Amino acid sequence: MAFREVDMWEIFEVLRRIAAGETQAAAARGTGKDRKTVRSYIRRARELGWDGSPEAVTEALAGRIQQSLRPVAEISSLGPSEERL
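Conventions we followed
Residues numbered from 1 in each chain as written. Predicted model: local features only at pLDDT ≥ 70, side-chain atom pairs only at ≥ 80, totals over all residues. Heavy atoms only, no water. Helix = DSSP H or I, 4+ residues; strand = E, 2+ residues; numbered from the N terminus. Expected span 1.5 Å × (residues − 1). Buried < 20%, exposed > 50% of the residue type's maximum accessible area, 1.4 Å probe, protein only. Contact = heavy atoms within 4.5 Å. Arc of directions from axis to C-beta. Core = buried A, V, L, I, M, F, W, Y, C linked by side-chain atoms within 4.5 Å. Axes fitted to C-alpha atoms, helices over the stretch in contact; angles between N-to-C directions. Parallel < 35°, antiparallel > 145°, perpendicular 65-115°, else oblique. Left-handed = near helix turned anticlockwise from the far one by under 90°. Nonpolar A, V, L, I, M, F, W, Y, C, P; charged D, E, K, R; others polar. Phe/Tyr/Trp six-rings, centres within 6.5 Å; stacked < 30°, edge-to-face > 60°. Salt bridge = Lys/Arg side-chain N within 4 Å of Asp/Glu carboxyl O.

Draft legend 1. Fine view of helix α3 (residues 35-47). Helix length check: α3 (13 residues) gives 18 Å between terminal C-alpha atoms against 18 Å at 1.5 Å per residue, within 8%. Taken together, the buried positions of α3 are Val-38, Ser-40, Tyr-41, Ile-42 and Ala-45. In the core, the buried residues of α3 are packed alongside α1 (8-19), α2 (24-31) and α4 (59-69). Where α3 terminates, the next one or two residues include Gly-49, which has phi positive at roughly 100 degrees.

Okay, structure coming up:
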């Protein structure tokens, strides 16, 4: 299966719904996500310190979750071929 880039706003919307009191199943239906995906977003948010409050749902939190979902971390340096270019 190919990697699909997840939009930060998709994560933000899931967490906003959960913080507002929706069940995971309702949040999944409302956003078109699988329940396992919703559960994964919540688990990652809690690992990053989210306490479940609506005030704690921020763009920064959603961005950090998005970054953690990437299959490869950001490359901080150029490879040998790129350096030559």
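Draft legend 2. Geometry of α4. Within the sequence span of α4, burial applies to Leu-61, Ala-62, Ile-65 and Gln-66. Looking straight down α4, one finds its buried side chains confined to an arc of 140 degrees; they lie on one side.

Draft legend 3. Molecular detail of the nonpolar core. Ile-11, Leu-15, Ile-18, Trp-50 and Ile-65 are the most contacted members of the largest nonpolar core, which totals 19 residues. For this core, the elements supplying multiple residues, two or more each, are α1, α2, α3 and α4. When residues of this core are assigned to their parent elements, the largest contribution, 7 residues, is made by α1. Those residues within four positions of Leu-15 in sequence are excluded, and the remaining contacts are Tyr-41, Ile-42, Ala-45, Trp-50, Val-57, Leu-61 and Ile-65.

Draft legend 4. Local environment of the packing of α2 against α3. Between α2 and α3, the shortest axis-to-axis distance is 9 Å and the interhelical angle comes to 110 degrees. Relative to α3, the element α2 is oriented roughly perpendicular. As α2 packs across α3, the resulting crossing turns out to be right-handed. Across from Gln-24, Ala-25 and Ala-28 in α2, the residues of α3 making contact are Arg-35, Val-38, Arg-39 and Ile-42. Looking at the contact of α2 with α3, its residues break down into 4 nonpolar, 1 polar and 2 charged.

Draft legend 5. Local environment of the environment of Gly-21. Within the fold, Gly-21 resides in the loop between α1 and α2. Spatially, the C-alpha atom of Gly-21 lies 9.3 Å from that of Pro-54, the residues being 33 residues apart in sequence.

Draft legend 6. A look at the packing of aromatic side chains. Counting across every chain of the model gives 1 aromatic pair. Here Trp-9 and Phe-12 contribute two aromatic rings whose centre-to-centre distance is 5.6 Å and whose plane-to-plane angle is 70 degrees, an arrangement assigned as edge-to-face. One end of the pair is Trp-9 and the other is Phe-12, both in helix α1 and 3 residues apart, which spans about a single turn.

Draft legend 7. Quick peek at the pattern of salt bridges. Here the structure, examined in full by the defined rule, presents 5 salt bridges. Ionic pairing is found between Glu-10 and Lys-33, a salt bridge with its closest N-O pair at 2.6 Å. Here Glu-10 is found in helix α1, whereas its partner Lys-33 is found in the loop between α2 and α3, with 23 residues between them in sequence. A cluster of three or more residues bridged by salt bridges with shared partners is formed by Glu-13, Arg-16, Arg-17 and Glu-22.

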